Amino acid sequence: MTDKPFLTDVQELRRRARHHIEEGAVTDAYRGDRQTVIKLLNEALATEIVCVLRYKRHYFMAQGIHADPIAQEFLTHANEEQGHADQIAARIIQLGGAPNFSPDGLLMRSHSEYVEGQNLIDMIKEDLVAERIAIESYLDMIRFFGDGDPTSRRLMEKILQTEEEHADDMATLLETLDPREEMSRGGAGMKH
């Protein structure tokens, strides 16, 4: 045990909690660059919205003998991405920002692209590419948030976990529908 108390002065803690009460959840202990965090979260929000739109299109446009189970996977992913968007928007509000849902500039704010794909394999490939983009950009955000904003960091870590699962799902579907994809990786395809 350490001789150092958790808080040196409970009265001081109470006083600080009353100070700038209009700041809501953001206290003097917050160490993040709030404006940059809000900007990054709005980019993540745009990325999630674009992913929702792409997955929804793929859900409705999926055709062919294998389409039904894959379309259901697209729909599941669209719904999960919508949940991510909602969580990110709520965090932006907690930080005193405004979530940007404007369609103007949506693709400019998004890290992923909106590519429709011409067939089922193209759709899966585009979704896999988008998931890989989200994974890398969210890893960068997590590193940036670090200890300065542990709540945003944990939120993005949770979302990252789902994005990695989505990428794995898309890679598995791609291997199943297009065995050449497994061979293009040197025959060392992933087994799930």
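Conventions used here
Residues numbered from 1 in each chain as written. Predicted model: local features only at pLDDT ≥ 70, side-chain atom pairs only at ≥ 80, totals over all residues. Heavy atoms only, no water. Helix = DSSP H or I, 4+ residues; strand = E, 2+ residues; numbered from the N terminus. Buried < 20%, exposed > 50% of the residue type's maximum accessible area, 1.4 Å probe, protein only. Salt bridge = Lys/Arg side-chain N within 4 Å of Asp/Glu carboxyl O. Core = buried A, V, L, I, M, F, W, Y, C linked by side-chain atoms within 4.5 Å. Contact = heavy atoms within 4.5 Å. Expected span 1.5 Å × (residues − 1). Patch = residues over 30% accessible without salt bridge, like charges linked within 9 Å, V, L, I, M, F, W, Y side chains within 5 Å. Areas by Shrake-Rupley, 256 points an atom, 1.4 Å probe, with all protein chains shown as cover. Lys, Arg positive; Asp, Glu negative; His and termini not counted. Charge placed at Lys NZ, Arg CZ, Asp CG, Glu CD.

1. Here we look at the environment of E157
Logical step 1: You can see E157 is positioned in helix α6 (residues 150-177).
Logical step 2: A relative accessible area of 35% places E157 in the partly exposed class.
Logical step 3: The sequence separation of E157 and I135 amounts to 22 residues, and the corresponding C-alpha distance is 9.9 Å.

2. Considerations on the pattern of salt bridges
Logical step 1: Inspection of the entire model under this criterion finds 7 salt bridges.
Logical step 2: Between E116 and R57 there is a salt bridge, with its nearest N and O atoms 3.1 Å apart. Highlighted residues: E116 in the loop between α4 (106-109) and α5 (120-145) and R57 in helix α2 (residues 34-61), separated in sequence by 59 residues.
Logical step 3: A residue is classified by how much of its surface remains accessible, and E116, at 34% relative accessible area, is partly exposed.
Logical step 4: Among the residues examined, R57 registers a relative accessible area of 27% and is labelled partly exposed.
Logical step 5: Residues joined by salt bridges that share partners form a network here, namely D147, R153 and E157.

3. Side note on the nonpolar core
Generally speaking, soluble globular proteins have nonpolar side chains that are buried together.
Logical step 1: Ranked by internal contacts, the top residues of the largest apolar core, which has 42 residues, are L41, F74, I88, I124, Y138 and M156.
Logical step 2: Listing elements by their share of this core, those giving two or more residues are α2, α3 (67-94), α5 and α6.
Logical step 3: Once you skip the residues sitting within four places of it in the chain, I88 turns out to touch L41, A44, L45, E48, L155, M156 and I159.

4. Here's the deal with α3
Logical step 1: With 28 residues, α3 extends 41 Å between its outermost C-alpha atoms, agreeing within 8% with the 40 Å of an ideal straight helix rising 1.5 Å per residue.
Logical step 2: The first or second residue beyond α3 is G96, which carries a positive phi of 85°.

5. So, a negative patch on the surface
Logical step 1: On the surface, a cluster of negative charge is contributed by E80, E164, E165 and D168.
Logical step 2: Top contributing element to the negative patch by residue count: α6, with 3 residues.
Logical step 3: As for its placement among the helices and strands, D168 is situated in helix α6.
Logical step 4: For D168, a relative accessible area of 31% gives the class partly exposed.

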